[in-house]
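# Structural description and commentary
Here's the letter readout for the chains.
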Amino acid sequence: MKRTTLLGLALLAATAGAQAQKSAADGIAEYRKMLEDGNPAELFEAKGEDLWKKKRGPKNASLEKCDLGLGPGVVKGAWVQLPRYFADTGRVQDLESRLLTCMETLQGLNAAEIAKTPFGRGEQSNMEALAAWISAESRGQKMNLPQAHPQERQFYELGKRAFFFRGGTHDFSCA
């Protein structure tokens, strides 16, 4: 081969390599740009909103009549006021246990079976999506746990003892 042909091939290969690197960098930049517009968690939130409205279970009912503490169907602001006491169950419930109650009473699903299901599987996966959406509906709001019922105060104090130890705090961040 002639020297100019070899030089041309080498230059072509170098340009192609630089172009491939630029394309990878451009791809990463494009991916980052896409993430600016949204968060992957929004997929779980959208699924949760759909599950809230969808008629399911043996009773073919939605969860739109579920009372999370602010009245049937009210979701905005509910997460920041949980756990709280619910008269219909006679106990303090967090979001997940309340959702199980609603899924059982409104939709006819088996709450005990769902509670036994491993994280990320079956109806438990649906619970996770519902919790993601409901908590997102309280985004930006401050926690406002009710303290009117004696059981609410008892659970609040229990929570304080679990998270505070000898004047300091437990570090659950694994830092």
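Look up: the structure comes first, before these words.
Basis of the calculations
- Residues numbered from 1 in each chain as written.
- Predicted model: local features only at pLDDT ≥ 70, side-chain atom pairs only at ≥ 80, totals over all residues.
- Heavy atoms only, no water.
- Disulfide = S-S within 2.5 Å.
- Helix = DSSP H or I, 4+ residues; strand = E, 2+ residues; numbered from the N terminus.
- Buried < 20%, exposed > 50% of the residue type's maximum accessible area, 1.4 Å probe, protein only.
- Phe/Tyr/Trp six-rings, centres within 6.5 Å; stacked < 30°, edge-to-face > 60°.
- Lys NZ or Arg CZ within 6 Å of the ring centre and 35° of its normal.
- Core = buried A, V, L, I, M, F, W, Y, C linked by side-chain atoms within 4.5 Å.
- Contact = heavy atoms within 4.5 Å.

### With respect to the state of the cysteines
- Inspection of every chain in the model, using the stated rule, returns 1 disulfide.
- Here Cys-66 pairs with Cys-102 through a disulfide, and the sulfurs are 2.1 Å apart. Because the sign of the S-S torsion sets the handedness, a value of about 75° for the bond joining Cys-66 and Cys-102 places this disulfide among the right-handed ones. Of this pair, Cys-66 sits in the loop between helix 2 (41–53) and strand 1 (84–86) while Cys-102 is found in helix 3 (residues 95–107), placing the two residues 36 residues apart along the sequence. As far as the burial class goes, Cys-66 and Cys-102 line up, both buried.

### Quick notes on the packing of aromatic side chains
- Applying the stated criterion across every chain, the model contains 1 aromatic pair.
- Aromatic side chains Trp-52 and Trp-133 sit 5.8 Å apart centroid to centroid with 50° between the ring planes, which places their arrangement in the tilted category. Pair noted here: Trp-52 is in helix 2 and Trp-133 is in helix 5 (residues 122–136), with a separation of 81 residues, a long-range link.
- Over the face of the ring belonging to Phe-86 we find Arg-98, whose NZ or CZ atom lies 3.9 Å from the ring centre.

### Some details on the nonpolar core
- If you look at the biggest cluster of nonpolar residues, it comprises 23 residues, and the most contacted ones within it are Trp-52 and Ile-134.
- Of all elements in the fold, only helix 2, helix 3, helix 4 (111–116) and helix 5 reach the threshold of two or more residues within this core.
- The biggest single contributor to this core is helix 5, with 6 residues.
- Apart from residues no more than four positions distant in its own chain, Trp-52 is found in contact with Ser-62, Leu-63, Glu-64, Cys-66, Leu-68, Gly-73, Val-75, Leu-99, Leu-130, Trp-133 and Ile-134.

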